[in-house]
Amino acid sequence: MLLTFDLDGVVMKNPFSTGVFPEVTGRIREGTGLSQKEVMGEIIGEAKSRMGQGRIVDAYDWDDIIALVGQKLGFSGSIDVAELVRKYCTPEHIYTYPEVPETLKTLRQAGYPLVVLTNGFRKYQLPVLRALGVADLFDAIYTPEMTGAAKPERDMYLAPQRRYPGPHVHVGDTVIHDLWGANQAGAISVWVYHDLPDLVASLPLSRRAGHELMEELITQGIARDLNAAAYPQLTTVDSMPDFVIKSFGELPAVLDLV
Ligand SMILES: [Mg+2]
């Protein structure tokens, strides 16, 4: 059985929000009269615009987005985003979520293929996995520039499914990308939700996804997504997970139920 993993918010925290973007916006804003927040707004706006045009892979190309925004705002320097990612791969900016390394080791020993399925380009994600010492626990890494698609698109899920045929379990935290996307691709969806209320978390794993509160939690998850409008076909019902876990360490017990 193939296991695929979202990275950000599930396996690791990347250095973009606390290291890379603050430096990028600080450099671009000099001489523009804009605040860092306004520069960040331009960067997010460009990413969203690409998404709206259906250029979903380009929406994750931060080097290209930042070069374009810099040029538009009169910034004359050049910024190597992948280099900044490596610079900020320090304990203040990156970490693995609790129970991640030991759980991945357990699953590896059990013989499951462990595959990364992330919308972050390889050049931004691999250095973080390496710095955290978990890169070698995965058998393969699938990223948008490699597959020509991005979650929640079906083609993103099909890429690992072709290489590892058979049952597929996907684990992620973003409702649209990881639950709706996995469901559409015929995978079993596992939602990692660290803020899962005790009312649901206190139930056995087999009964959590069916709790009446889940529909509301999933609706809230969709509302948190900045790009929900890009998916008019999306519904709450089609985005419901098969399983819900509050911490990564609960994953092996879920797999016993599959
Ligand atoms: Mg995520």
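Since this is a predicted model, take the numbers as computed values, not measurements.

With that settled, consider the domain arrangement of the chain. For the chain, the domain assignment lists domain 1 (2–14 + 93–257) and domain 2 (16–87). For domain 1 and domain 2, the distance between their C-alpha centres works out to 26 Å. Contacts between the two partners involve 22 residues from domain 1, matched on the other side by 17 residues from domain 2. Between domain 1 and domain 2, the buried area comes to about 1,500 Å², and carbon and sulfur atoms account for 65% of it. Broken down residue by residue, the surface that domain 1 buries against domain 2 is led by Phe121, Tyr124 and Asn227, which jointly contribute 34%. Where domain 1 touches domain 2, the interface holds one salt bridge. The residue aspartate 63 makes a salt bridge to lysine 123 at a minimum N-O spacing of 3.3 Å. Inspection of the domain 1/domain 2 interface yields seven residue pairs in polar contact (both at pLDDT 80 or more). Of all elements in the fold, only α6 (122–131) and α7 (144–147) reach the threshold of two or more residues within the side of domain 1 that touches domain 2. Class assignment for the residues of the side of domain 1 that touches domain 2 results in 11 nonpolar, six polar and five charged.

The next thing to look at is the pairing of strand β4 (residues 114–117). Working note: regular strand, side chains alternate between the two faces of the sheet. Burial along β4 is two-sided: Leu114 and Val116 facing one way and Val115 and Leu117 facing the other are all buried. Alignment of strand β1 (residues 2–5) against β4, held across three bridges, turns out to be parallel. Considered in β4, the bridge of threonine 4 is made with valine 115. Relative to strand β5 (residues 140–142), β4 runs parallel, the two sharing three bridges. From the neighbouring strand, valine 116 faces β5, where its bridge partner is isoleucine 141. Crossover β4 to β5 through α6 is right-handed.

Our next topic: the coordination of the magnesium ion. For the magnesium ion, the full set of protein donor atoms is Asp6 (OD), Asp8 (O) and Asp173 (OD), and the range of their distances to it is 2.1 to 2.2 Å. Of note, the donors binding the magnesium ion are all from one chain and are spaced D-x1-D-x164-D. Here aspartate 173 lies in the loop between β6 (168–172) and α9 (175–184) and aspartate 8 lies in the loop between β1 and β2 (12–13), a separation of 165 residues in the sequence. Aspartate 8 sits in the partly exposed class, given a relative accessible area of 27%. Accessibility expressed as a relative area gives 24% for aspartate 173, which makes it partly exposed.

Turning our eyes to something else, we now look at the layout of surface pockets. Counted as a void, the largest pocket has a volume near 1,200 Å³. Here the lining of the largest pocket takes four residues from helix α2 (residues 36–52), the largest share from any one element. Mapping the lining of the largest pocket onto the domain boundaries places at least three of its residues in each of domain 1 (2–14 + 93–257) and domain 2 (16–87). The space that makes up the second largest pocket amounts to roughly 220 Å³. If you go around the second largest pocket, the residues you meet are Met51, Gly52, Gly54, Ile56, Pro152, Glu153, Arg154, Trp180, Gln184, Ala230, Tyr231 and Gln233. Looking at the lining of the second largest pocket, the elements that each hand over two or more residues are α2 and α9. Considered class by class, the residues forming the lining of the second largest pocket number six nonpolar, four polar and two charged.

The subject of this paragraph is α2. Taking 1.5 Å per residue, 17 residues should reach 24 Å; α2 reaches 24 Å between its end C-alpha atoms and fits that length. Within α2 the residues assigned to the buried category are Val39, Met40, Ile43, Glu46, Ala47, Arg50 and Met51. Seen from one end, α2 has its buried residues packed into an arc of 145°, which puts them on one side. Opposite the buried face of α2, at more than 90 degrees from it, the exposed residues are Lys37 and Gly52. Each element contacted by the buried residues of α2 is listed here: α1 (16–29) and α3 (62–72). Once α2 ends, the next one or two residues include glycine 54, with phi positive near 80°.

Calculation criteria
Residues numbered from 1 in each chain as written. Predicted model: local features only at pLDDT ≥ 70, side-chain atom pairs only at ≥ 80, totals over all residues. Heavy atoms only, no water. Domains from an automatic or database assignment. Contact = heavy atoms within 4.5 Å. Buried area = accessible area lost by both parts, 1.4 Å probe. Salt bridge = Lys/Arg side-chain N within 4 Å of Asp/Glu carboxyl O. Polar contact = N/O pair within 3.5 Å; in protein donor to acceptor, adjacent residues only side chain to side chain. Helix = DSSP H or I, 4+ residues; strand = E, 2+ residues; numbered from the N terminus. Nonpolar A, V, L, I, M, F, W, Y, C, P; charged D, E, K, R; others polar. Buried < 20%, exposed > 50% of the residue type's maximum accessible area, 1.4 Å probe, protein only. Pairing = 2+ DSSP bridges. Right-handed = clockwise from strand over helix to strand, strands pointing away. Donors = N, O, S within 2.8 Å, 3.2 Å for Na, K, Ca; no water. 1 Å grid on protein atoms, 1.4 Å probe; cavity = no way out; pocket = protein on both sides within 12 Å on 5 of 7 lines; lining within 4 Å. Points joined across faces, edges and corners; volume = space filled by probe spheres on them. Expected span 1.5 Å × (residues − 1). Arc of directions from axis to C-beta.

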